[in-house]
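One letter stands for each residue in the lines below.
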Amino acid sequence: MAPSPSLAAVFLEVLGGASTRTEAAAPGLEAKLCAILDAAHTAHPDIHVAGETFARHLGGRLSSTHEPLEVLGTLNISDLYLACAAAHGNGAAIAAIERGYFSWLHAAMARVAGDNDSSDLIQLLRQKLFAAEPDELPKIGEYAGIGSLGAWLRVTAMRMALNARRGRKRETARVNADDHLEGLATHASPEMDYLKSRYRNEFKYAFETAVAALSARDRNLLRLHFIDGLNIDQIGAIHRVHRSTVARWIAQARESILLETQRLLRERLGLDNADFNSLLALVKSELNLSIHRYLTDAAE
């Protein structure tokens, strides 16, 4: 009977990358992997994953462009071992994850999607995390040990809840936006009608450039607020910050869009102060609607 391959050999085989990479190219790797496995077994004495299986799982989560010993020292091994066991169908590991995380994940999803949807969503989350097609790992197997498993699960759950809420509200939001546009058209002055028609393309360019200049966090905040309809308390729960912090972030993002749009319009248009001030008043009056429509279109 052929001897079992070392943990390092299994790890490096899956890690791939440079074809010349061998166990000898990473001194101490076998000892490091054995120590990691022992620590994982100690952290989860009732959950067993074979050494080769865990080494293979580790290799599959890492990039071949990094030095293994350096990367292994940064991973959350205890959580990664638990996720590996669950990904391979270990019932005790799945039960431990559900027991440790699903109660507060359910509450978090309810705050975002609503109580009526959260029970269905937690079932979908369970299926997404632990069920898979034959010869494939389920979603839980994608956790790579970077940060805590709880944080990774929260992101996964929030995405599901937001997608459900977004799908339910998108059509209603578009109808409301169209109704608002009709109201603006009914009550707009001839001067406003002229400005909207005359400078439509310039405004579109300036506004979209201003939104694109925002950070990813700020665009996501605006999407949560204007598209998903979350209030500042709900957004604060997602980001784990106080409601006043969320309110300040949103106000700053709106102000950034307004100032950058104003700067670009002044740069591109040779208007006198009176005409520019009228155009700026129009931009301010329709800022929220413009943000709403832009983010709605971008999501489709």
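Everything that follows concerns the structure shown earlier in this document.
Since the structure is predicted, the reported quantities are computational estimates derived from the model, not experimental observations.

*Asks:* Quick question: what am I supposed to make of the packing of aromatic side chains here?
*Replies:* In the structure shown here, the tally under the stated rule is four aromatic pairs. Ring centres 5.2 Å apart and planes at 80° place the aromatic pair Phe-54 and Tyr-81 in the edge-to-face group. Of this pair, Phe-54 sits in helix α3 (residues 51-61) while Tyr-81 sits in helix α5 (residues 77-87), and the two are 27 residues apart along the sequence. For the pair formed by Phe-54 and Tyr-81, the shared burial category is buried. Taken together, a centroid distance of 6.3 Å and an interplanar angle of 15° make the contact between Phe-102 and Phe-130 stacked. Here Phe-102, found in helix α6 (residues 91-113), pairs with Phe-130, found in helix α7 (residues 115-130); they are 28 residues apart in sequence, far enough to count as distant. Taking relative accessible area as the criterion, Phe-102 reaches 6% and is therefore assigned buried. Taking NZ or CZ as reference, Arg-217 lies 4.1 Å from the ring centre of Trp-249, over its face.

*Asks:* Would you mind showing me how to read the nonpolar core here?
*Replies:* Grouped burial of nonpolar side chains is what soluble globular proteins tend to show. In this structure, Phe-11, Phe-54, Leu-58, Ile-97, Ile-140 and Leu-149 are the most contacted members of the largest nonpolar core, which totals 82 residues. In terms of residues, this core owes the most to one element, α6, which gives eleven residues. Setting aside its immediate chain neighbours within four residues, Ile-140 contacts Ala-83, Ala-86, Ala-87, Ile-97, Leu-129, Phe-130, Leu-149, Trp-152 and Leu-153.

*Asks:* Any chance you could explain the packing of helix α2 (residues 29-43) against α5 here in plain terms?
*Replies:* Two measures define how a pair of helices packs: the angle their axes make with one another and the distance between the axes. Two elements in contact, α2 and α5, have axes whose closest approach is 9 Å; the angle formed by their N-to-C orientations is 75°. In terms of axis orientation, α2 runs roughly perpendicular to α5. Of the residues in α5, those touching α2 at Ile-36, Leu-37, Ala-40, His-41 and Ala-43 are Ile-77, Ser-78 and Tyr-81.

*Asks:* Looking at this structure, how should I read the environment of Leu-153?
*Replies:* Tracing the sequence through the fold places Leu-153 in helix α8 (residues 149-187). Relative accessible area serves as the criterion here: at 1%, Leu-153 is assigned to the buried category. Considering only alpha carbons, one finds Leu-153 and Ile-140, 13 residues apart in sequence, at a separation of 8.5 Å. The residues contacting Leu-153, other than those within four sequence positions of it, are Ile-97, Tyr-101, Leu-105, Leu-129 and Ile-140.

*Asks:* Would you take a moment to explain α3 for this structure?
*Replies:* Along α3, the residues classified as buried are Gly-51, Phe-54, Ala-55, His-57, Leu-58 and Gly-59. On its buried side, α3 packs onto α1 (7-15), α2, α4 (68-72) and α5.

*Asks:* Just checking my understanding: could you explain the environment of Ile-250 for this structure?
*Replies:* Structurally, Ile-250 can be placed in helix α13 (residues 243-268). Using a relative accessible area of 7% as the deciding quantity, one classes Ile-250 as buried. In the structure, Ile-250 is positioned 18 residues away from Ile-232 in sequence and 9.0 Å away in space, judged by C-alpha atoms.

Rules used in this analysis
Residues numbered from 1 in each chain as written. Predicted model: local features only at pLDDT ≥ 70, side-chain atom pairs only at ≥ 80, totals over all residues. Heavy atoms only, no water. Phe/Tyr/Trp six-rings, centres within 6.5 Å; stacked < 30°, edge-to-face > 60°. Helix = DSSP H or I, 4+ residues; strand = E, 2+ residues; numbered from the N terminus. Buried < 20%, exposed > 50% of the residue type's maximum accessible area, 1.4 Å probe, protein only. Lys NZ or Arg CZ within 6 Å of the ring centre and 35° of its normal. Core = buried A, V, L, I, M, F, W, Y, C linked by side-chain atoms within 4.5 Å. Contact = heavy atoms within 4.5 Å. Axes fitted to C-alpha atoms, helices over the stretch in contact; angles between N-to-C directions. Parallel < 35°, antiparallel > 145°, perpendicular 65-115°, else oblique.

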